[in-house]
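Observations on chain architecture
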Amino acid sequence: MSLLEQLRAALGDGSIEVVDLTAPLSETTPILQLPEPFNNTVPFTLKEISHYDDRGPAWYWNDISTGEHTGTHFDAPVHWITGRDGEDISQVPPGRLIAPAVVIDSTAEVAADPDYLLSVDDVREWERKHGPLPAGGWLLHRTGWDARSRDAEAFLNADESGSHVPGVSAECARWLAEEAPVAGLGTETVGTDAGAAPGFDPPFPCHSYLLGAGKYGLTQLQNLARLPATGAMLIASPLPIIGGSGSPARVLALVER
Ligand code: MN
(Lines give C-alpha, C1' and ligand atoms only; values in the text may rest on other atoms or scores of the structure.)
Protein backbone atom coordinates (compact mmCIF):
# COMPACT_ATOMS: atom_id res chain seq x y z
CA MET A 1 0.00 0.00 0.00
CA SER A 2 1.12 3.53 -0.62
CA LEU A 3 1.60 5.76 2.41
CA LEU A 4 -1.66 7.56 1.70
CA GLU A 5 -3.51 4.25 1.28
CA GLN A 6 -2.10 3.17 4.66
CA LEU A 7 -3.34 6.43 6.14
CA ARG A 8 -6.79 5.94 4.63
CA ALA A 9 -6.94 2.37 5.98
CA ALA A 10 -5.86 3.51 9.45
CA LEU A 11 -8.49 6.25 9.47
CA GLY A 12 -11.07 3.73 8.30
CA ASP A 13 -10.39 1.10 10.98
CA GLY A 14 -9.92 3.64 13.78
CA SER A 15 -6.25 2.90 14.39
CA ILE A 16 -5.77 6.59 13.67
CA GLU A 17 -8.39 8.82 15.30
CA VAL A 18 -9.14 12.36 14.20
CA VAL A 19 -9.58 14.58 17.28
CA ASP A 20 -11.19 17.97 16.69
CA LEU A 21 -9.38 20.64 18.73
CA THR A 22 -11.63 23.44 17.42
CA ALA A 23 -14.17 25.42 19.47
CA PRO A 24 -17.56 25.81 17.71
CA LEU A 25 -18.09 29.31 16.27
CA SER A 26 -21.21 31.24 17.24
CA GLU A 27 -22.34 34.64 18.46
CA THR A 28 -21.47 33.51 21.99
CA THR A 29 -17.88 32.52 21.21
CA PRO A 30 -15.77 34.43 23.78
CA ILE A 31 -13.57 37.17 22.31
CA LEU A 32 -10.71 39.20 23.73
CA GLN A 33 -11.74 42.38 25.59
CA LEU A 34 -9.01 45.02 25.57
CA PRO A 35 -9.38 47.95 27.99
CA GLU A 36 -9.78 51.57 26.90
CA PRO A 37 -8.38 53.22 24.82
CA PHE A 38 -7.74 50.21 22.54
CA ASN A 39 -10.02 49.07 19.72
CA ASN A 40 -11.74 45.71 20.02
CA THR A 41 -12.84 43.00 17.61
CA VAL A 42 -16.50 42.27 16.79
CA PRO A 43 -18.32 39.13 17.96
CA PHE A 44 -18.83 36.42 15.37
CA THR A 45 -22.20 36.90 13.64
CA LEU A 46 -24.26 35.26 10.90
CA LYS A 47 -26.49 37.38 8.68
CA GLU A 48 -28.95 35.46 6.58
CA ILE A 49 -28.92 36.15 2.82
CA SER A 50 -31.68 33.70 1.91
CA HIS A 51 -33.26 30.58 3.40
CA TYR A 52 -35.24 28.71 0.69
CA ASP A 53 -37.47 31.78 0.38
CA ASP A 54 -38.19 34.53 -2.13
CA ARG A 55 -34.68 35.91 -1.54
CA GLY A 56 -33.34 32.62 -2.90
CA PRO A 57 -35.92 29.87 -3.31
CA ALA A 58 -33.69 26.78 -3.40
CA TRP A 59 -30.75 27.87 -1.30
CA TYR A 60 -29.70 28.86 2.20
CA TRP A 61 -26.63 31.00 2.87
CA ASN A 62 -25.25 33.64 5.22
CA ASP A 63 -22.76 36.43 5.38
CA ILE A 64 -20.44 36.18 8.35
CA SER A 65 -18.77 38.88 10.40
CA THR A 66 -15.75 37.86 12.39
CA GLY A 67 -12.42 39.10 13.61
CA GLU A 68 -9.28 37.35 12.49
CA HIS A 69 -8.63 36.53 16.15
CA THR A 70 -11.97 34.93 17.05
CA GLY A 71 -12.47 31.49 18.57
CA THR A 72 -9.93 28.85 17.66
CA HIS A 73 -7.51 30.84 15.53
CA PHE A 74 -4.00 31.08 14.15
CA ASP A 75 -1.69 34.05 14.90
CA ALA A 76 0.68 34.92 12.05
CA PRO A 77 4.04 36.62 12.78
CA VAL A 78 2.84 39.94 11.35
CA HIS A 79 0.19 40.10 14.11
CA TRP A 80 2.80 41.62 16.47
CA ILE A 81 5.05 44.63 15.99
CA THR A 82 8.08 42.43 16.64
CA GLY A 83 7.05 40.29 13.63
CA ARG A 84 5.94 43.13 11.38
CA ASP A 85 8.37 42.12 8.61
CA GLY A 86 7.35 38.46 8.86
CA GLU A 87 4.69 36.31 7.22
CA ASP A 88 1.08 37.36 7.01
CA ILE A 89 -1.44 34.56 7.39
CA SER A 90 -1.60 33.88 3.63
CA GLN A 91 2.18 33.48 3.52
CA VAL A 92 2.49 30.71 6.11
CA PRO A 93 3.84 27.81 4.01
CA PRO A 94 1.27 25.00 3.72
CA GLY A 95 3.92 22.46 4.68
CA ARG A 96 4.14 24.08 8.12
CA LEU A 97 0.40 23.60 8.73
CA ILE A 98 0.81 19.85 9.25
CA ALA A 99 3.25 19.23 12.08
CA PRO A 100 3.85 17.11 15.18
CA ALA A 101 2.38 18.29 18.46
CA VAL A 102 3.26 17.58 22.07
CA VAL A 103 1.14 18.34 25.12
CA ILE A 104 2.35 19.70 28.45
CA ASP A 105 -0.31 19.24 31.11
CA SER A 106 -0.61 21.98 33.76
CA THR A 107 -4.20 21.09 34.66
CA ALA A 108 -3.44 20.37 38.33
CA GLU A 109 -1.37 23.54 38.79
CA VAL A 110 -4.05 25.69 37.11
CA ALA A 111 -6.82 24.13 39.22
CA ALA A 112 -4.92 25.38 42.27
CA ASP A 113 -3.96 28.75 40.75
CA PRO A 114 -5.67 30.21 37.66
CA ASP A 115 -2.72 32.60 37.21
CA TYR A 116 -0.30 29.67 36.86
CA LEU A 117 2.54 30.28 34.39
CA LEU A 118 4.41 27.54 32.54
CA SER A 119 8.15 27.83 33.28
CA VAL A 120 11.32 26.71 31.51
CA ASP A 121 11.81 24.27 34.41
CA ASP A 122 8.38 22.76 33.69
CA VAL A 123 9.33 22.21 30.05
CA ARG A 124 12.75 20.78 30.99
CA GLU A 125 11.07 18.42 33.44
CA TRP A 126 8.64 17.34 30.70
CA GLU A 127 11.59 16.78 28.31
CA ARG A 128 13.29 14.51 30.85
CA LYS A 129 10.23 12.24 30.73
CA HIS A 130 9.17 12.54 27.09
CA GLY A 131 12.21 13.63 25.10
CA PRO A 132 12.99 16.86 23.27
CA LEU A 133 10.34 19.23 21.92
CA PRO A 134 9.59 18.51 18.25
CA ALA A 135 11.50 20.51 15.63
CA GLY A 136 9.03 22.46 13.51
CA GLY A 137 6.16 21.24 15.71
CA TRP A 138 3.75 22.61 18.26
CA LEU A 139 3.94 22.83 22.01
CA LEU A 140 0.33 22.62 23.23
CA HIS A 141 -0.24 23.87 26.77
CA ARG A 142 -3.09 21.98 28.42
CA THR A 143 -4.63 23.84 31.35
CA GLY A 144 -8.23 22.58 31.58
CA TRP A 145 -9.35 26.05 30.50
CA ASP A 146 -11.33 24.60 27.58
CA ALA A 147 -14.02 23.55 30.10
CA ARG A 148 -14.85 27.27 30.41
CA SER A 149 -14.91 28.09 26.70
CA ARG A 150 -18.71 28.27 26.33
CA ASP A 151 -19.02 30.76 29.19
CA ALA A 152 -17.34 34.07 28.27
CA GLU A 153 -17.28 35.32 31.86
CA ALA A 154 -15.56 32.21 33.23
CA PHE A 155 -13.29 32.03 30.18
CA LEU A 156 -11.99 35.61 30.50
CA ASN A 157 -12.10 35.34 34.35
CA ALA A 158 -11.60 39.05 35.04
CA ASP A 159 -12.17 40.97 38.27
CA GLU A 160 -11.09 44.38 39.57
CA SER A 161 -7.50 43.08 39.82
CA GLY A 162 -7.43 42.05 36.14
CA SER A 163 -7.78 38.87 34.12
CA HIS A 164 -6.87 35.60 35.85
CA VAL A 165 -6.03 33.25 33.02
CA PRO A 166 -3.07 30.84 32.91
CA GLY A 167 -0.23 31.11 30.42
CA VAL A 168 3.51 31.09 29.97
CA SER A 169 6.15 33.06 31.88
CA ALA A 170 8.09 35.77 30.03
CA GLU A 171 11.33 33.80 30.38
CA CYS A 172 9.69 30.62 29.08
CA ALA A 173 8.21 32.55 26.13
CA ARG A 174 11.68 33.87 25.28
CA TRP A 175 13.16 30.39 25.59
CA LEU A 176 10.47 28.83 23.38
CA ALA A 177 11.04 31.54 20.75
CA GLU A 178 14.82 31.65 20.77
CA GLU A 179 16.10 28.30 22.04
CA ALA A 180 13.43 25.65 21.53
CA PRO A 181 12.97 24.01 18.11
CA VAL A 182 9.16 24.34 18.06
CA ALA A 183 7.37 26.35 15.36
CA GLY A 184 4.60 27.52 17.63
CA LEU A 185 2.65 27.50 20.87
CA GLY A 186 -0.97 26.39 21.21
CA THR A 187 -3.19 27.26 24.18
CA GLU A 188 -6.75 26.69 25.40
CA THR A 189 -7.22 30.34 26.35
CA VAL A 190 -8.47 33.40 24.43
CA GLY A 191 -4.89 34.32 23.42
CA THR A 192 -1.47 32.73 23.71
CA ASP A 193 -0.57 35.03 26.60
CA ALA A 194 -1.64 34.82 30.25
CA GLY A 195 -4.32 37.10 31.66
CA ALA A 196 -1.71 39.10 33.57
CA ALA A 197 0.61 39.40 30.53
CA PRO A 198 -0.10 43.10 29.83
CA GLY A 199 1.97 43.75 33.00
CA PHE A 200 4.85 41.38 32.11
CA ASP A 201 8.28 42.48 30.85
CA PRO A 202 7.93 42.60 27.91
CA PRO A 203 4.13 42.92 27.80
CA PHE A 204 2.44 39.95 26.05
CA PRO A 205 5.74 38.00 25.92
CA CYS A 206 4.38 35.02 23.92
CA HIS A 207 3.20 37.36 21.19
CA SER A 208 6.31 39.51 21.40
CA TYR A 209 8.96 36.76 21.40
CA LEU A 210 7.33 33.98 19.36
CA LEU A 211 5.84 36.09 16.57
CA GLY A 212 9.04 38.17 16.56
CA ALA A 213 10.96 34.94 15.91
CA GLY A 214 8.70 34.07 12.96
CA LYS A 215 6.86 31.46 15.02
CA TYR A 216 3.08 30.96 15.36
CA GLY A 217 0.26 30.91 17.88
CA LEU A 218 -2.90 28.79 18.12
CA THR A 219 -5.58 29.68 20.63
CA GLN A 220 -8.82 28.47 22.16
CA LEU A 221 -8.00 24.84 21.51
CA GLN A 222 -10.10 22.17 23.19
CA ASN A 223 -9.93 18.41 23.73
CA LEU A 224 -6.20 18.45 24.47
CA ALA A 225 -7.03 15.84 27.16
CA ARG A 226 -7.61 13.40 24.29
CA LEU A 227 -4.07 13.76 22.96
CA PRO A 228 -1.00 11.81 24.08
CA ALA A 229 1.96 13.73 25.51
CA THR A 230 3.83 13.00 22.28
CA GLY A 231 3.03 11.45 18.91
CA ALA A 232 0.03 13.43 17.65
CA MET A 233 0.11 15.06 14.22
CA LEU A 234 -1.63 18.42 14.09
CA ILE A 235 -3.37 19.94 11.07
CA ALA A 236 -4.10 23.67 11.35
CA SER A 237 -6.03 25.31 8.53
CA PRO A 238 -6.28 29.10 8.72
CA LEU A 239 -7.83 30.94 5.76
CA PRO A 240 -5.25 32.49 3.41
CA ILE A 241 -6.39 36.08 3.97
CA ILE A 242 -4.07 38.29 1.91
CA GLY A 243 -2.33 40.65 4.33
CA GLY A 244 -4.20 39.09 7.26
CA SER A 245 -2.70 38.95 10.75
CA GLY A 246 -4.44 35.70 11.63
CA SER A 247 -7.52 33.65 10.90
CA PRO A 248 -10.09 31.44 12.55
CA ALA A 249 -8.86 27.91 11.92
CA ARG A 250 -10.09 24.35 12.04
CA VAL A 251 -7.49 22.46 14.03
CA LEU A 252 -7.43 18.67 13.93
CA ALA A 253 -5.10 16.15 15.51
CA LEU A 254 -4.34 12.69 14.17
CA VAL A 255 -3.76 10.28 17.07
CA GLU A 256 -2.71 6.63 16.87
CA ARG A 257 -4.90 4.31 18.95
MN1 MN B 1 -4.69 36.04 18.16
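Note that this is a predicted model, so its numbers are computed, not measured.

A few points about the confidence of the model for the chain
Of the residues in the chain, 100% reach a pLDDT of 70 or more, and the chain-wide mean stands at 97. When pLDDT is averaged over each helix and strand of the chain, the minimum, 92, is found for strand β9 (residues 162-163) and the maximum, 99, for strand β7 (residues 138-142).

Let's talk about the packing of aromatic side chains
This structure, assessed with the given rule, holds five aromatic pairs. Summarising the aromatic geometry, the rings of F74 and W138 are spaced 5.8 Å apart at their centres and angled 85 degrees between planes, so their arrangement reads as edge-to-face. Residue F74 is found in strand β4 (residues 73-75), and its partner W138 is found in strand β7; the two are separated by 64 residues along the sequence. A relative accessible area of 0% places F74 in the buried class. Chaining the aromatic ring pairs together yields one cluster made of F74, W138 and Y216. Sitting over the ring of W145, R148 keeps its end group 3.8 Å from the ring centre.

Some points on the environment of E153
Structurally, the position occupied by E153 is in helix α4 (residues 152-156). Of the residues examined, E153 reaches a relative accessible area of 67% and is grouped as exposed.

Comments concerning the pairing of strand β13 (residues 232-238)
Burial along β13 is one-sided: A232, L234, A236 and P238 are buried, and none of M233, I235 and S237, which face the opposite way, are. Relative to β13, strand β5 (residues 98-105) runs antiparallel, the two sharing four bridges. By the bridge assignment, A101 is partnered in β13 with A232. Of the pairings in the sheet, the one linking β13 to strand β14 (residues 246-256) comprises six bridges and is antiparallel in character. Looking across to β14, one finds that S237 is bridged to R250.

The rules behind the values
Numbering of residues starts from 1 in every chain and runs along the sequence as written. Two thresholds apply to this predicted model, a pLDDT of at least 70 for residue-level local features and 80 or more for giving and counting side-chain atom pairs, whereas whole-chain, interface and lining totals are computed over all residues. To get the side-chain values, take all heavy atoms of the structure and skip hydrogens and water. Think of pLDDT as the predictor's per-residue confidence, scored from 0 to 100. Only runs of H or I of at least four residues qualify as helices and only runs of E of at least two qualify as strands under DSSP, and these elements are numbered from the N terminus. A pair of Phe, Tyr and Trp rings is counted when the ring centres sit within 6.5 Å of each other, with Trp represented by its six-membered ring. The angle between the planes then sorts it: under 30 degrees is stacked, over 60 is edge-to-face, the rest tilted. Here's how the labels work: a residue is buried when its accessible area is under 20% of the maximum for its type, exposed when over 50%, partly exposed in between, all with a 1.4 Å probe on protein chains only. Charge-over-ring placement is defined geometrically: NZ (Lys) or CZ (Arg) within 6 Å of the ring centre, and within 35 degrees of the ring normal. In short, DSSP must find at least two bridges between two strands for them to pair.

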